[in-house]
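Okay, here's what each chain looks like letter by letter:
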Amino acid sequence: MRARFKRQFPKPYLWLIRFVGLIVPRRLRADWRQEWEAELRHREALLADWDKLNWQSKLNLFWRSTSAFWDALWLQPQRWEEEMFQDLRIGLRLLRSHPGFTFVAVLALGLGIGATTLIFSVVNAVLLRPLPFPQSDRIVRIEERHGQATRPLNLSYATFLDLRSQTGAIEHVAASRFGTANLTDGAEPEQVNVQSVTANYFSALGITPVLGRTFLPEEDLPDRSNVAILSYQLWQRRYGADPNLIGKTIKVGSSNATVIGVMPPGFRSSYLFAGQYDLWTPLVPTGSLSSNRRSHLLGVIARLKPDSKIEQAQSELSMIANRIERENSGVDPDMALNAIGLQTRLVAPLRQTLIVFLCAVGSLLLIACANVANLLLARSASREKEMAIRAALGAGRLRLTRQLLTEGMLLASLGGAAGLLLSVWGIKLVSQLDPSNYPRINEVSIDWRVLGFSFLISMVTGVLFGLAPALQLPKHGLYETLKEGGRGSTSVRRNWLRQSLVVAEVALALALLIGAGLLINSFMRLMQVNRGFDPTNVLAINLNLPFSKYPDSTQQTAVLKQMLERVSAVPGVRSAGLISSLPFNGGPATDFVVEDRPPIPDNQAPIADIRIVDANYFRTMSIPLRSGRTFTEGDSAEAPRAMIINEELARRHWPGENPLGQRVTMKDWGPPLTGEIIGVVGDVKADGLDSDTRPMIYWPYPQFPGIFNNLVVRTNGDPAGVIAAVKSEIWAVDREQPLSRIQRMEEVIATSVAPRRFNMLLLGVFAVLALALSAIGIYGVISYTVAQRTHEIGIRLALGAGPSDVRSLVIRQGMRLVFVGGLIGLAGAFALTQLMAGLLFGIKATDPATFLSVTLLLVGIAWMACYLPARRATKVDPLTALRHE
């Protein structure tokens, strides 16, 4: 048995010789192996039997065998004589000799590969690339849910304190809160985004500053909180990258804060916030915030302990939620606490969109491959004799197939390079479009994953369309091919394959066009939604007052009144008003109860959005008054509390009744606050045009003042003309008051629909490319068919057929392919558009009008692609055609 084993399995050094031999040119390989094996066997014989050798001798023999590797390398220059390199030279010569063919093929492949690479680079940055924090997969976000609510909530401060003290599976439980601050120590005041964080927030992320330090545990106490950390961008932009800034004070509002650190460039502490934080300050609970369970203001993150799983953390959170609900009955009914990976939470809303885009670019790439395959098939028809002669000279079928595949791979390589260049350009374009709903879109770049993906799809596409002409090589028709008329069976097979490719192109293009059509239809319906106000010639300015400078509500009311009076007097200004949160920008909400109504369980309490406005807001925004009155100067802080509701709230709670005079109590903003309804105004979208209209309560500014405000100014003409004057008047009241986000209301609306517009544009571009490639494919096939049937057409014309008969014959042949492809495409579209249901607004994924109109569009363009070669066919001269044959 042992002897037989030795005969079957060569010794290790012989395996090594055979392996190294793979890189030796084939024509030298056998002699080379024989020579080296003979030498090693001789040495083995001299060293006695292998089994009796000690390990040093075996090692010496093994080392000698590795010398073969260097000999193999020495032989590499002679590899250029190998057949593979001959194939490459032939392929390159063919591409150079047909520049038009090469250009069209590379362009088609470049478009397909470029679009696919672009979308993959987005997927790579958003879905695949881990967040730029150490062990980011262990960072979780903790959210609160109630009942069947679909939207998660932030946590209250009291719940955050419970988590920090009662969990064992997670550590570094940290909280943050969004805000703004006014930097007033420079030549011009500036408003920046601020994130107030607990001292351990940066430990939870695992981030250290490039300069200075992070917060100490004692610095989130009220008397130790005058410290701040700057973003790298703010440090460079406003403070000139001063390396000695650490330890110095900057003026934040009317207070001084000591700079203790500068974060690394590009650092983002919260990807859920579309903007960029420039300043971090300690999160200090003020007043009764630490015991408040109604105000869900804090975003909470934590880090899983090294030996913990997220399931374990979730189990603990569920027990804590049950305990909180049990100990605080009626405060947070049906409460649930959930732990979700930070990156998972970040990309969840985008997963569906990216899947749709990947399907779209995949279809585009297949259409491009089908087009190039058709081009190669057409060219292979003119190379039949060349292939037959090669075969006659000794080239086997495998050798010819390799030649064709090599040519395909060369085209794919050029197409891949072009696609990579196009994707680089596309990435710049996408970043300029700035789709705000795509987190980390600014991180999209070409990295090793993208390069590897681009290389992989280039090679795969090269094999796909390179195989098409290889499959048409004659198996037994060498002599038939060499004969002049021997094109019967090969032509039939080739036509069948070309027509199948056209059918596939039409099917894929139709599915893609229907998807784009649904998005376009959806966007058009969205733009027709009633906004509830007139945005024409309205300017919006963010006007947040510094709390440190205006801590008292009386001061806030007084300074804002002065600013409004001065702005209203600016020439060209028709009216000016105030609101706490602009339409389409979201805002706070509250549970409420209606007086004299039966009590409602806490988990079923109605919710309404809350906005604080001044007396001129409705007139400035042209929001119609439906009944009652708007606020007046008489609705002061000392007057009876008054509120205005929107129509949606009136419809829900007083259907068919007059709500005027009813009293409503707001529950979630400090002590319960009750007011009387004095008016009903039209509905205004709170979160965006695609959001549901929700109940809304407006309070007069003097009775509920705050520091977060937006100034709206309606002008007689272009609002840009009054910006300087408005700034001047505001700074005349307070020179340190910063103004930010100065924009027209049309721009506010455009920003709110930017994600849908971005999706529509991207898918629309892909669909147009697919349609163009498909039309080219149909035109190419019909043109090729007409050229093949010139003799037949000539006979038909000679026998009395008219031009219209020939034209109908050719068009009918092409439209038959379009009809088959259309049926397949419609079936595919019915299935694939279900993925897009969440991206649509106002229509279903099977909208018949869109399906019909897009199909007719494709049929019309396909008819044109058939008509042009059909028209050329009618110009065939029968005598010329017959003489040629």
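Please read these numbers as outputs of a predicted model, since none were measured by experiment.

**Q** Which residues make up the side chain of Lys685, and what values do they have?
**A** Tracing the chain through its elements places Lys685 in the loop between β18 (673-681) and β19 (696-700). Buried charge without a partner: Lys685 forms no salt bridge, and the closest opposite charge is Asp692, 5.9 Å away. A polar contact is formed between the side chain of Lys685 and the backbone oxygen of Ser691, at a distance of 2.7 Å. Engagement of the side chain of Lys685 in a polar contact is seen with the side chain of Thr693, the distance being 3.2 Å. Aside from chain neighbours lying at most four places away, what touches Lys685 is Val529, Asn530, Arg531, Pro583, Phe584, Ser691, Asp692 and Thr693.

**Q** Summarise unusual backbone geometry; cite the residues concerned and give the values.
**A** With the exception of glycine, most residues fall at negative phi, and the peptide bonds are largely trans. Positive phi is not limited to glycine here, since His172 has a value of about 50°. Tracing the chain through its elements places His172 in strand β2 (residues 170-183). With relative accessibility at 32%, the residue His172 sits in the partly exposed group. Positive phi values are uncommon outside glycine, yet Phe584 reaches one of about 75°. Checked against the element boundaries, Phe584 lands in the loop between β12 (573-579) and β13 (589-594). Its relative accessible area of 7% is what places Phe584 among the buried residues.

**Q** So, the pattern of salt bridges: which residues are in play, and what are the values?
**A** On inspection of all chains with the given rule, the structure shows 21 salt bridges. Arg129 is the salt-bridge partner of Asp447, the closest N and O atoms lying 3.2 Å from each other. One end of the pair, Asp447, is in the loop between α14 (397-433) and α15 (448-471); the other, Arg129, is in the loop between α6 (99-128) and β1 (139-146), and 318 residues separate them in sequence. Ionic pairing is found between Arg744 and Asp718, a salt bridge with its closest N-O pair at 2.7 Å. Within this pair, whereas Arg744 is found in strand β21 (residues 740-744), its partner Asp718 is found in the loop between β20 (710-715) and α21 (723-733), the two being separated by 26 residues in sequence. Classification of Arg744 by relative accessible area gives partly exposed; the value is 29%. Several salt bridges share partner residues, and in doing so they unite Glu648, Arg651, Arg652 and Asp683 into one network.

**Q** Explain the pairing of β19 residue by residue, including any values.
**A** By the criterion of burial, β19 is predominantly enclosed, with five of the five residues buried. Both faces of β19 are covered, namely the face carrying Met696, Tyr698 and Pro700 and the face carrying Ile697 and Trp699. Here strand β14 (residues 607-613) runs beside β19; their pairing, made up of five bridges, is parallel. Across the sheet, the residue bridging to Val613 is Pro700, located in β19. Pairing between strand β16 (residues 642-646) and β19: two bridges, direction antiparallel. Residue pairing in the sheet places Ile644 in a bridge with Tyr698 of β19.

**Q** Summarise the environment of Ser774; cite the residues concerned and give the values.
**A** With respect to the helices, strands and loops of the structure, Ser774 is situated in helix α23 (residues 754-788). When sequence neighbours within four positions are dropped, the list of residues in contact with Ser774 reads Ile367, Glu505, Val506 and Ala509. Of note is the side chain of Ser774, whose polar atom sits 2.8 Å from the backbone oxygen of Ala770.

**Q** Describe in detail the environment of Gly266, supporting the description with residues and values.
**A** Tracing the sequence through the fold places Gly266 in the loop between β7 (255-262) and β8 (279-282). Here the alpha-carbon distance between Gly266 and Ser231, two residues 35 residues apart in the chain, equals 8.4 Å.

**Q** Tell me what's going on with the side chain of Ser363, and back it up with residues and numbers.
**A** Tracing the sequence through the fold places Ser363 in helix α12 (residues 351-382). Residue classification places Ser363 among the buried positions, given a relative accessible area of 14%. Looking at Ser363, its side chain comes within polar contact range of the main-chain oxygen of Cys359, at 2.9 Å.

**Q** So what about empty space enclosed by the protein? Which residues, and what values?
**A** Going through the model one piece at a time under the given rule, you end up with six cavities of 30 Å³ or more. The space that makes up the largest cavity amounts to roughly 150 Å³. Taken together, 13 residues make up the lining of the largest cavity; nearest its centre are Val356, Cys359, Ala511, Leu512 and Leu832. Of all the secondary structure elements, the ones that give two or more residues to the lining of the largest cavity are α12 and α17 (488-527). Tallied by class, the residues present in the lining of the largest cavity amount to 10 nonpolar, three polar and no charged.

**Q** An account of the packing of helix α25 (residues 803-832) against helix α26 (residues 848-873) is requested, with residue identities and associated values reported.
**A** Contact pair α25 / α26: the axes reach a minimum separation of 9 Å and the direction vectors enclose 155°. Regarding the angle of α25 to α26, the classification is roughly antiparallel. Between α25 and α26 lies a crossing of right-handed hand. Only Phe851, Thr855, Val859, Ala862, Trp863, Cys866, Tyr867, Ala870 and Ala873 of α26 make contact with α25, whose side of the interface consists of Val806, Arg807, Val810, Ile811, Gly814, Met815, Val818, Leu826, Ala829 and Phe830. A class-by-class count of the residues in the contact of α25 with α26 yields 16 nonpolar, two polar and one charged.

**Q** Tell me about the packing of aromatic side chains, and name the residues and values.
**A** Overall, the coordinates contain 17 aromatic pairs when judged by the stated rule. On the basis of an interplanar angle of 80° and a centroid distance of 5.0 Å, the ring pair of Phe618 and Tyr698 is categorised as edge-to-face. Taken together, the residues span a long stretch of sequence, with Phe618 in helix α19 (residues 617-621) and Tyr698 in strand β19 at a distance of 80 residues. Lying across the ring of Trp731, Arg735 places its NZ or CZ 4.7 Å from the centre.

Reading the values: rules and limits
- Residues numbered from 1 in each chain as written.
- Predicted model: local features only at pLDDT ≥ 70, side-chain atom pairs only at ≥ 80, totals over all residues.
- Heavy atoms only, no water.
- Helix = DSSP H or I, 4+ residues; strand = E, 2+ residues; numbered from the N terminus.
- Buried < 20%, exposed > 50% of the residue type's maximum accessible area, 1.4 Å probe, protein only.
- Lys, Arg positive; Asp, Glu negative; His and termini not counted.
- Salt bridge = Lys/Arg side-chain N within 4 Å of Asp/Glu carboxyl O.
- Polar contact = N/O pair within 3.5 Å; in protein donor to acceptor, adjacent residues only side chain to side chain.
- Contact = heavy atoms within 4.5 Å.
- Pairing = 2+ DSSP bridges.
- 1 Å grid on protein atoms, 1.4 Å probe; cavity = no way out; pocket = protein on both sides within 12 Å on 5 of 7 lines; lining within 4 Å.
- Points joined across faces, edges and corners; volume = space filled by probe spheres on them.
- Nonpolar A, V, L, I, M, F, W, Y, C, P; charged D, E, K, R; others polar.
- Axes fitted to C-alpha atoms, helices over the stretch in contact; angles between N-to-C directions.
- Parallel < 35°, antiparallel > 145°, perpendicular 65-115°, else oblique.
- Left-handed = near helix turned anticlockwise from the far one by under 90°.
- Phe/Tyr/Trp six-rings, centres within 6.5 Å; stacked < 30°, edge-to-face > 60°.
- Lys NZ or Arg CZ within 6 Å of the ring centre and 35° of its normal.

No statement about biological role is implied by the geometric values presented.
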